[in-house]
Amino acid sequence: MDAECMTILGDSITYRRASGPTLSLKAYVNFEEVARSIDIGQAIEQAMLVEVQISDLPQRPVPTDRITLAKVAGRTFQPINVGRDRSGTHWVFELKRV
């Protein structure tokens, strides 16, 4: 998503660096549910994938950063498995609950 689309269609997130200001950003958040096999059957878990424009978040996300999502009240997450999208304009990462 480009900046204009992200402003209109993006999900609201709060991004807090370990040292630095707290940022209110728009991001694309995929709230996909996936089935995971366990010994006694299957469990459904949420595999959230986030895309944030690098222009909004110039420094690479690190696991000590904290993220809250407007759609998931009362939970805090950390970014993991950070990379860039194909175009190189967005950080793409998964969220892990902390």
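Residues numbered from 1 in each chain as written. Predicted model: local features only at pLDDT ≥ 70, side-chain atom pairs only at ≥ 80, totals over all residues. Heavy atoms only, no water.

Q: What is the right way to read the overall build of the protein chain from this model?
A: Counting its regular elements, the protein chain contains 1 helix and 6 strands. Listed N to C, the secondary structure of the protein chain is α-β-β-β-β-β-β in terms of helices and strands. Counting all 98 residues of the protein chain, 31% fall into the buried class. Within the protein chain, residue pairs in contact and separated by at least 24 positions form 44% of the contacts whose partners lie at least 6 positions apart. When the accessible surface of the protein chain is totalled, it reaches about 6300 Å², and 49% of it is carbon and sulfur. (Helix = DSSP H or I, 4+ residues; strand = E, 2+ residues; numbered from the N terminus. Buried < 20%, exposed > 50% of the residue type's maximum accessible area, 1.4 Å probe, protein only. Contact = heavy atoms within 4.5 Å. Areas by Shrake-Rupley, 256 points an atom, 1.4 Å probe, with all protein chains shown as cover.)

Q: Quick question: what am I supposed to make of unusual backbone geometry here?
A: With the exception of glycine, most residues fall at negative phi, and the peptide bonds are largely trans. One non-glycine residue, Asn 81, adopts positive backbone phi at about 50°. Position of Asn 81 relative to the elements: it lies in strand β5 (residues 72–84). In this structure Asn 81 comes out as exposed when scored by relative accessible area, which is 56%.

Q: Would you explain the nonpolar core in this entry?
A: Nonpolar side chains in soluble globular proteins tend to be buried together. Among the nonpolar cores identified, the biggest contains 18 residues, and Ile 13, Val 50, Val 52, Ile 67, Leu 69, Phe 93 and Leu 95 are the most heavily contacted of them. Secondary-structure elements contributing two or more residues to this core are β1 (11–16), β2 (22–38), β3 (41–53), β4 (66–69), β5 and β6 (90–97). When residues no more than four places from it in sequence are discounted, the contact partners of Ile 67 are Ile 13, Thr 14, Tyr 15, Arg 75, Thr 76, Phe 77, Pro 79, Phe 93 and Leu 95. (Core = buried A, V, L, I, M, F, W, Y, C linked by side-chain atoms within 4.5 Å.)

Q: Explain the side chain of Asp 85 to me, please; I cannot follow it from the model alone.
A: Relative to the elements of secondary structure, Asp 85 occurs in the loop between β5 and β6. Of the side chains bearing the opposite charge, Arg 84 lies closest to the buried Asp 85, which forms no salt bridge; the N-O distance is 7.2 Å. At 2.9 Å, the side chain of Asp 85 and the backbone nitrogen of Gly 88 are in polar contact. When near neighbours in sequence (up to four residues on either side) are disregarded, Asp 85 contacts His 90 and Val 92. (Lys, Arg positive; Asp, Glu negative; His and termini not counted. Salt bridge = Lys/Arg side-chain N within 4 Å of Asp/Glu carboxyl O. Polar contact = N/O pair within 3.5 Å; in protein donor to acceptor, adjacent residues only side chain to side chain.)

Q: Hey, could you run me through the environment of Arg 66 in this one?
A: With respect to the element layout, Arg 66 can be found in strand β4. According to the relative accessible area criterion, Arg 66 is partly exposed, its value standing at 24%. Spatially, the C-alpha atom of Arg 66 lies 8.2 Å from that of Thr 14, the residues being 52 residues apart in sequence.

Q: For this particular structure, what's the right way to read the environment of Ile 80?
A: Summarising the element assignment, Ile 80 is placed in strand β5. Sequence-wise, Ile 80 and Phe 93 are 13 residues apart; in three dimensions their C-alpha atoms are separated by 5.8 Å. With residues near it in sequence (within four places) discarded, Ile 80 still touches Phe 93, Glu 94, Leu 95 and Lys 96.

Q: Which parts of the structure should I look at to understand the pairing of β5?
A: Put simply, side chains in a regular strand alternate between the two faces of the sheet. When β4 meets β5, the two strands line up antiparallel, connected through 2 bridges. Across the sheet, the residue bridging to Leu 69 is Val 72, located in β5. Where β4 folds back on β5, the antiparallel hairpin that results is connected by 2 residues. In the sheet, β5 pairs with β6 via 6 bridges, with the strands oriented antiparallel. Counterpart to Pro 79 in the pairing with β6 is Leu 95. Hairpin connection of β5 to β6: 5 residues between the antiparallel strands, including Gly 88 at a positive phi of 80°. (Pairing = 2+ DSSP bridges.)

Geometry only, nothing functional implied.
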